[in-house]
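Commentary on secondary and tertiary structure
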Amino acid sequence: MYKVIIVDDEKSIRERLTRYFPWSDVGFEVVGAAENGREALVLIEQEHPDVVLTDVLMPEMTGLELAKEIKISYPDIKVIILSAYDDFKYAQDAIQYGVKGYMLKPLNKEDFYDVFNKLMGELNEDAELKKVSASNEKWNTQELMLLDLIKGANLQKYTEEWSAQNPYIRVAIFSFERVFKETSTFSIRQKIKELATDFWKRYRVPVLFYGNSLILLISEQKPVLRKDVKPKILLFADSLQQNLGEIFKEKSHIVVGVGNLAQSIQEISRSYHEAVHASSYKYFSEHETVIFREDLSANEGFENNKIIQDNIVEHVNSIEGKLMESVLIGEITEISNDIHRFFEALERSKGQKISEIRGSCSELVIMLIFRLKEKGLALPSIDNQQVLGKIYEIDSLKELKRWLKQMLETMSYDLTKSDEQNVNRYVLIAKEYVKANYHEKITLIEMSNILFLHQAYFSAIFKKETGQNFIDYVNEVRIEKAAQLLRETDNKVKMISDMVGFHSHSYFIKVFKNEKGVTPVMFRRQQKR
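Residues numbered from 1 in each chain as written. Predicted model: local features only at pLDDT ≥ 70, side-chain atom pairs only at ≥ 80, totals over all residues. Heavy atoms only, no water.

Each helix and strand counted, the protein has 22 helices and ten strands in total. In the protein, which comprises 529 residues, the proportion classed as buried is 46%. Looking at the protein alone, contacts between residues at least 24 apart form 70% of all its contacts between residues at least 6 apart. Counting only carbon and sulfur atoms, one obtains 48% of the accessible surface of the protein, whose full area is about 26,700 Å². (Helix = DSSP H or I, 4+ residues; strand = E, 2+ residues; numbered from the N terminus. Buried < 20%, exposed > 50% of the residue type's maximum accessible area, 1.4 Å probe, protein only. Contact = heavy atoms within 4.5 Å. Areas by Shrake-Rupley, 256 points an atom, 1.4 Å probe, with all protein chains shown as cover.)

Next comes the structure, spelled out in structure tokens:
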């Protein structure tokens, strides 16, 4: 059994989750419950749980703050967010802290089984990987030293040794995240390590396989220049393709980040983090294999990022309404155009953090999903709990653009198909409403609100079913009633205009003439002959 801790400031919810959900059915047991994040951290230290299920908004320490602390101090623990409908907008922030799932209050058993069955599968995989690592991966003295150097730890142990060696150092990282998403076996990792050790020993470069990355500490008696480093890195990339062609089918599977020059043992950690940062920029350009930190934009200060972030938020708000219309009426071409416009700004934002770009996409998706939910529209093909996490799994801007377009097209397909059976009902209700309330003010927006439909969507389905715009239909009903009153009463034309809902006499005459071919006065004369 895997262990779970529940965190919620409402006692009734904690008790309900603990007692009434079938935890053993999904391979879990609840080992404790806490009222807020601070209590949860104490409980985590005591119980060492595998999963923390937490509310978002709580006193003392929020669920997001708890998730952030767990990611730093307990990276193996999985976090699930449980939130009220109005709090779900915080989900995009939680993703940055490794949140594995999202469930809405009140929690139902279907969502419970879905999230925790998937989570158990992930925990089982983690356990198997740890067994393999523990039995096969033995760290030698040199590897432990390299690990300390990149972390900036225990430097006093190595100062004398490294001061006698080459004084100029660059850290390079081969990131294999993409490869290990598809294939992650110990034998492949070991083969890469053997190839790297054999290749780089000729240059006296020590190597360390850490996580999903191969780390190199390249040192020289003179400054390590990019023109000297890059050819060697590309040569090793060719070697990987030649020896492991079934894995490295494309150069895009190999991502290399290179940090700036370090001139002391104390600066190695800084060069390492710069290499990590540089490798992340593969996100913007799939054609680059080797990315040097020194080539990236210098304008990455807080102030510049703040300006970009504010612009992106404004951009999301401006595109959301237009995209909503396109999704609702099934305009696939317009969806594609809207997504293209949305990403134009993102593609120009290389000075912006990748997490902020992902956050912008998350915000857009969240806004659309909630607007649709407000209208009571279902999305059977969209897994709301997984869609946001997918944004953070995708490792290139190009792929994110393609996926988001596909996801919105699927969303649009769901809506148009699921509503086909309801279209005729919506139109009939609208017609009956107009016939009963023609004398009142009737607008497209008001009618859409009555039906709980987006106005662009309602307008589209009404025209598709009737062949005319909604307002034209309203005017048609009003003119028919006006014609009846002209035939059957002696009321003045202006009074009849008011009685049938026209508050502009001149507009009434214009519409009447368009419908009947004559003015109201001439129509009355013709009827009395």
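With that settled, the discussion passes to the sheet that holds strand β1 (residues 2-7). As summarised here, the arrangement of the five strands in space is β2-β1-β3-β4-β5, forming an open sheet in which the pairing is parallel. Each edge of the sheet is formed by a strand with only one pairing partner; in this case those strands are β2 (28-34) and β5 (99-104). For this sheet, the mean angle separating the axes of adjacent strands, direction not counted, is 20°. Bridge analysis of strand β3 (residues 51-55) against strand β4 (residues 78-83) gives five bridges, and the strand direction is parallel. Note on β4: the bridge partner recorded for Thr 54 is Ile 81. Against the sheet, helix α3 (residues 63-73) contacts β1, β3, β4 and β5, and its axis sits at roughly 155° relative to β3. (Pairing = 2+ DSSP bridges. Axes fitted to C-alpha atoms, helices over the stretch in contact; angles between N-to-C directions.)

Relative to strand β8 (residues 213-220), strand β7 (residues 207-210) runs antiparallel, the two being bridged by four bridges. When the bridges of β8 are listed, Tyr 210 appears paired with Ser 213. If you look at the hairpin formed by β7 and β8, you'll find two residues sitting between the two strands, and Gly 211 has a positive phi there, around 65°.

Let us now look at the sheet that holds β7. Spatially, five strands are ordered β7-β8-β6-β9-β10 in an open sheet, and the strand pairing comes out mixed. Sheet topology places β7 and β10 (290-292) at the edges, where each strand pairs with a single neighbour. Adjacent strand axes in the sheet meet at a mean angle of 20°, parallel and antiparallel pairs treated alike. Across the sheet, helix α11 (residues 268-280) touches β6 (168-175), β7, β8, β9 (255-258) and β10, and the angle it forms with β6 is around 35°.

Here we come to the pairing of β8. Summarising burial for β8: seven of the eight residues are buried, a large majority. Two strands pair when backbone bridges link them, and β6 and β8 are joined in this way by eight bridges, in the antiparallel orientation. Bridge pairing in β8 places Ser 175 opposite Ser 213.

Here the focus is helix α18 (residues 455-466). Across its twelve residues, α18 extends 16 Å between first and last C-alpha, which sits within 8% of the 16 Å expected from 1.5 Å per residue. Of all the positions in α18, only Ala 456, Tyr 457, Phe 458, Ile 461 and Phe 462 are classed as buried. (Expected span 1.5 Å × (residues − 1).)

Let us now look at the nonpolar core. Of all hydrophobic cores here, the largest spans 63 residues; its most connected members are Leu 400, Leu 404, Leu 408 and Phe 470. Leave out the neighbours within four places in its chain, and Leu 408 touches Leu 323, Val 327, Ile 335, Ile 339 and Leu 368. With 30 residues, the next largest nonpolar core counts Phe 176, Leu 216, Ile 233 and Leu 244 among its residues. (Core = buried A, V, L, I, M, F, W, Y, C linked by side-chain atoms within 4.5 Å.)

Moving on: the pattern of salt bridges. Taken as a whole and judged by the stated rule, the model has 14 salt bridges. Taking the shortest distance from any N to any O, the salt bridge between Asp 295 and Arg 226 comes out at 2.3 Å. Residue Asp 295 is found in the loop between β10 and α12 (302-329), and its partner Arg 226 is found in helix α10 (residues 226-243); the two are separated by 69 residues along the sequence. Look at Arg 226 and you get partly exposed, because its relative accessible area is 29%. Asp 338 serves as the salt-bridge partner of Arg 341, at 2.3 Å between the closest nitrogen and oxygen. Taken together, the residues span about one helical turn, with Arg 341 and Asp 338 both in helix α13 (residues 332-347) at a distance of three residues. Looking at Asp 338, the relative accessible area reads 0%, which means it is buried. Salt bridges linked by common partners bring Glu 267, Arg 270 and Glu 274 together as one network. (Salt bridge = Lys/Arg side-chain N within 4 Å of Asp/Glu carboxyl O.)

What follows covers helix α19 (residues 470-488). In a regular helix each residue adds 1.5 Å, so 19 residues correspond to 27 Å; α19 covers 27 Å between its end C-alpha atoms and thus fits that length. Among the residues of α19, Phe 470, Tyr 473, Val 474, Asn 475, Val 477, Arg 478, Ile 479, Ala 482, Ala 483, Leu 485 and Leu 486 are the ones counted as buried.

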